[in-house]
Number of protein chains: 2
Amino acid sequence: MIMNYKTHSGYKRMMQMKRKNIFWFVAGFADGESSFSMSFAKQKQKDGSVKWVINPAFQVYQHEDNLWFLEFLKNEVFKTGRIHRKTSPYSVFTFSIENRTTLHDKIIPFFRKYRLATKDADFQIFAKIISKIYNKEHLTYKGFKEIVDLAFKMNKNGKQRKFTKAQILKGVKQQLLNAR
Amino acid sequence: MIMNYKTHSGYKRMMQMKRKNIFWFVAGFADGESSFSMSFAKQKQKDGSVKWVINPAFQVYQHEDNLWFLEFLKNEVFKTGRIHRKTSPYSVFTFSIENRTTLHDKIIPFFRKYRLATKDADFQIFAKIISKIYNKEHLTYKGFKEIVDLAFKMNKNGKQRKFTKAQILKGVKQQLLNAR
């Protein structure tokens, strides 16, 4: 179903707001409804080898009833990102930005200006890691380990992680040795 | 444990913000993390009879880690309300305002000025009901029924309600007949 969200009464109302008020509103909204995450995954390469990768993401979740607001965030506030339906629960949509350059150039400056409240500590770590990745520090073991250490301090010390710190670091060490 | 939340770094940082920016931030935060509810309950009277009552509430929930932010809302933004720990889940606190005059005089004007996005439709119904209660319209069956009809349109048509519309209306009708 294709819908023009710009005709939604809420969307139209928000378009009447001053940009600055919108930005502070969005900061408050994101403080409750968004997440900054830094996940680690094993990515299989064409040659059969495995490469450990860092996947940073800024995400906002909303029930499908409020999809118009995610469209508003995408089209009018951040002017980037993508929206997709979750597989579970199916009624929820995610607005996400995963591109590192976009995170570095747009998202980090946004939340430096429009500061978060309850999520600020996680955001600060996230910003630090994005800066390290931007400076290619993750390409050395020392740099990668610093990033892992920081990432594990995020989101209540990473209770929902798929891999342990030891698993990731062992894998990365091996990978860098192999690459020599 | 008594803690002075005013020394929390987040609390102190927010105190540096312009009032207007705080208010828009709080509107955005409330859009995701608050609820406007209108519940109906049977209240046993001293004489043994039962009286149907309307309990309006504005509530914001937060994990205990972010209790400082609820304290900020209570002390610096709304300057009223109470904070209490939930029984389940125990790690969550609620900031709530249930006083009808406070809702009428403070909360409704606040969210009329700092408009919500995804929760605006529920808020508008809530405000309408508070106005009716303020004008004592709930003291007649006609007025009470209008309020019940409106309330059942809130929060996805009141899926989590304890009593059906028929149960409430039957009870109220009886109560008003008995009071004659």
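K.L.:
Would you mind showing me how to read the overall build of chain A here?
P.N.:
A count of helices and strands for chain A gives 8 helices and 4 strands. Secondary structure elements of chain A occur, N-terminal to C-terminal, as α-α-β-β-α-β-β-α-α-α-α-α. For chain A, the residues scored as buried account for 48% of the 180 residues in total. A fraction of 60% describes how many contacts in chain A between residues 6 or more apart in sequence connect residues 24 or more apart. About 9,900 Å² of surface is accessible on chain A, with carbon and sulfur atoms providing 51% of the total.

K.L.:
Please clarify how the packing of helix H2 (residues 19–33) of chain B against helix H4 (residues 100–113) of chain B should be interpreted in this entry.
P.N.:
When two helices pack together, their arrangement is given by the angle between the helix axes and the distance between those axes. Residues and elements named next belong to chain B. The N-to-C vectors of H2 and H4 enclose an angle of 100 degrees; their axes lie 10 Å apart at closest approach. Here H2 is positioned roughly perpendicular relative to H4, judged by the angle of their axes. Residue-level contacts link Phe 23, Trp 24, Val 26, Ala 27 and Ala 30 of H2 to Phe 110, Phe 111 and Lys 113 of H4. Here the contact of H2 with H4 is built from residues that sort into 7 nonpolar, no polar and 1 charged.

K.L.:
Which parts of the structure should I look at to understand the interface of chain A and chain B?
P.N.:
For interface size, the figure often reported is the accessible area lost on association. Counting residues at the interface gives 26 residues for chain A, matched by 26 residues for chain B. Approximately 2,100 Å² of surface area, both sides summed, lies buried where chain A meets chain B, with 58% of it carried by carbon and sulfur atoms. Taken as a group, A:Arg13, A:Trp24 and A:Phe25 account for 28% of the area that chain A buries against chain B, more than any other trio of residues on that side. Linking chain A with chain B are 2 salt bridges. In this structure, the salt-bridge partner of B:Arg13 is A:Asp120, at a minimum N-O distance of 3.5 Å. Where chain A meets chain B, there are 7 residue pairs in polar contact (both at pLDDT 80 or more). If you list the elements that add at least two residues to the side of chain A that touches chain B, you get helix H1 (9–15), helix H2 (19–33), strand E2 (50–63) and helix H3 (67–77) of chain A. With 10 residues, the single largest contributor to the side of chain A that touches chain B is H2(A). Within the side of chain A that touches chain B, the residues separate by chemical class into 10 nonpolar, 7 polar and 9 charged.

K.L.:
What exactly am I supposed to notice about the side chain of B:Glu33 here?
P.N.:
Structurally, B:Glu33 can be placed in helix H2. Side-chain polar atoms of B:Glu33 contact the side chain of B:Gln62, separated by 2.8 Å. Sequence-distant contacts of B:Glu33, that is, excluding residues within four places in its chain, are made with A:Gly32, A:Glu33, B:Gln59, B:Val60, B:Tyr61, B:Gln62 and B:Lys119.

K.L.:
Would you mind showing me how to read the environment of B:Phe40 here?
P.N.:
Residue and element names in this part refer to chain B. Turning to its location among the elements, Phe 40 is positioned in strand E1 (residues 34–44). In this structure Phe 40 comes out as buried when scored by relative accessible area, which is 6%. In contact with Phe 40, other than residues within four places in its own chain, are Trp 52, Val 53, Ile 54, Phe 144, Ile 147, Val 148, Ala 151, Phe 152, Arg 161, Phe 163 and Ile 168.

K.L.:
I would appreciate a short explanation of the relation of the copies chain A and chain B in the present structure.
P.N.:
The operation relating the two chain copies consists of a rotation about an axis and a shift along that axis. Between the two copies, chain A and chain B, the superposition gives an RMSD of 0.0 Å; the rotation angle is 180 degrees and the shift along the axis is 0.0 Å. Such values leave the two copies arranged in the relation of a two-fold axis. Interface overlap between copies is the fraction of interface residues in one copy that are interface residues in the other; for chain A against chain B it reaches 100%, indicating a shared surface.

K.L.:
Honestly, a positive patch on the surface in this entry has me stumped. Any pointers?
P.N.:
On the surface, A:Lys18, A:Lys20, A:Lys113, B:Lys18, B:Lys20 and B:Lys113 cluster together into a positively charged patch. The exposure class of B:Lys20 is partly exposed, given its relative accessible area of 39%.

Conventions and cut-offs
Residues numbered from 1 in each chain as written. Chains lettered and ligands numbered in written order. Predicted model: local features only at pLDDT ≥ 70, side-chain atom pairs only at ≥ 80, totals over all residues. Heavy atoms only, no water. Helix = DSSP H or I, 4+ residues; strand = E, 2+ residues; numbered from the N terminus. Buried < 20%, exposed > 50% of the residue type's maximum accessible area, 1.4 Å probe, protein only. Contact = heavy atoms within 4.5 Å. Areas by Shrake-Rupley, 256 points an atom, 1.4 Å probe, with all protein chains shown as cover. Axes fitted to C-alpha atoms, helices over the stretch in contact; angles between N-to-C directions. Parallel < 35°, antiparallel > 145°, perpendicular 65-115°, else oblique. Nonpolar A, V, L, I, M, F, W, Y, C, P; charged D, E, K, R; others polar. Buried area = accessible area lost by both parts, 1.4 Å probe. Salt bridge = Lys/Arg side-chain N within 4 Å of Asp/Glu carboxyl O. Polar contact = N/O pair within 3.5 Å; in protein donor to acceptor, adjacent residues only side chain to side chain. Least-squares fit on C-alpha atoms with pLDDT ≥ 70 in both. Patch = residues over 30% accessible without salt bridge, like charges linked within 9 Å, V, L, I, M, F, W, Y side chains within 5 Å. Lys, Arg positive; Asp, Glu negative; His and termini not counted. Charge placed at Lys NZ, Arg CZ, Asp CG, Glu CD.

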